[in-house]
Amino acid sequence: TVMRLRERQPRDDMARVLDAIETNKADRRIVGERLGKLHVLATEAIDAFVADRELVFAITSEGRFLVRRTLRELESRLAPVQFARVHKGAIVNLAAIQLLEPQQGRGPVAKLRSGYAVVISRRFTHHLRARLEW
């Protein structure tokens, strides 16, 4: 759609608007809270976002950081090439998956580079297989 709009209306102001849309597609940094301090986390450094009751945490090699967004908000704002929903309570960074371990009667468990393990629900296994080409 963006390419078609550019072809139809090559005016400078339209091109500027389209460039702004393209460059601001996905968040590159997320603010997480730990021990009363706010940390700016690069999305590449985040292995997963997991829900724990009513709270959402960013999982990194440095630990868990409270994120003041819902998983649904994060899913819509993160780069779909980099992150995938794998459970109703988890989104993982595809680059952080080091091992997929099958589980009897459930979906596999993804072991992440931080050492954290995330259960992949059977509902999302097919989607993850396609994304990882496995």
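Scroll up to find the structure.
About the criteria used
- Residues numbered from 1 in each chain as written.
- Predicted model: local features only at pLDDT ≥ 70, side-chain atom pairs only at ≥ 80, totals over all residues.
- Heavy atoms only, no water.
- Salt bridge = Lys/Arg side-chain N within 4 Å of Asp/Glu carboxyl O.
- Helix = DSSP H or I, 4+ residues; strand = E, 2+ residues; numbered from the N terminus.
- Buried < 20%, exposed > 50% of the residue type's maximum accessible area, 1.4 Å probe, protein only.
- Pairing = 2+ DSSP bridges.
- Axes fitted to C-alpha atoms, helices over the stretch in contact; angles between N-to-C directions.
- Contact = heavy atoms within 4.5 Å.

Asker: When you look at the pattern of salt bridges in this model, what are you seeing that I'm missing?
Answerer: When the charged atoms of two side chains lie near each other, side chains of opposite charge can form a pair. A full pass over the atoms with the stated rule returns seven salt bridges. A salt bridge links Arg77 to Asp27; its shortest N-O distance comes to 2.8 Å. Of this pair, Arg77 sits in helix H3 (residues 71-77) while Asp27 sits in the loop between helix H2 (12-23) and strand E1 (29-34), and the two are 50 residues apart along the sequence. Residue classification places Arg77 among the partly exposed residues on the basis of a relative accessible area of 40%. Across the pair Arg68 and Glu33 runs a salt bridge, and its minimum N-O distance is 3.0 Å. Of this pair, Arg68 sits in the loop between strand E5 (63-67) and H3 while Glu33 sits in strand E1, placing them 35 residues apart in sequence. Taking relative accessible area as the criterion, Arg68 reaches 64% and is therefore assigned exposed. Each of the salt bridges in this network shares a partner with another, and the network as a whole consists of Asp27, Arg69 and Arg77.

Asker: Even after reading the chapter, I still don't get the sheet that holds strand E8 (residues 97-103), so can you show me in this structure?
Answerer: Strands in a sheet are paired, the pairing made by backbone hydrogen bonds, and the direction either parallel or antiparallel. One open sheet holds the three strands; their spatial order is E8-E9-E10, and the pairing between them is antiparallel. Here the strands that pair on one side only, and so sit at the sheet edges, are E8 and strand E10 (117-119). Between one strand and the next, the sheet's axes are offset by a mean angle of 25°, whatever the strand orientation. With five bridges connecting them, E8 and strand E9 (residues 106-112) associate as antiparallel partners. Within E9, the position partnered with Ile97 by the bridge is Leu112.

Asker: So what exactly am I meant to see when it comes to the pairing of strand E2 (residues 37-42) here?
Answerer: The side chains of a regular strand alternate, first on one face of the sheet and then on the other. Bridge count between E1 and E2: six bridges; the pairing is antiparallel. Pairing of Gly32 across the sheet is with His39, part of E2.

Asker: What is the right way to read the side chain of Thr125 from this model?
Answerer: Position of Thr125 relative to the elements: it lies in helix H4 (residues 122-132). Thr125 has contacts with Gly107, Pro108, Ile120 and Trp134, leaving out every residue within four places of it along the chain.

Asker: In this structure, what is going on with unusual backbone geometry? I would like to understand it.
Answerer: The bulk of non-glycine residues show a negative phi, and the bulk of peptide bonds are trans. With phi around 55°, Leu35 is a residue other than glycine that occupies positive phi space. Within the secondary structure layout, Leu35 lies in the loop between E1 and E2. The class of Leu35 is exposed, set by a relative accessible area of 82%. Positioned with a positive phi, Arg53 is a non-glycine residue whose angle comes to about 60°.

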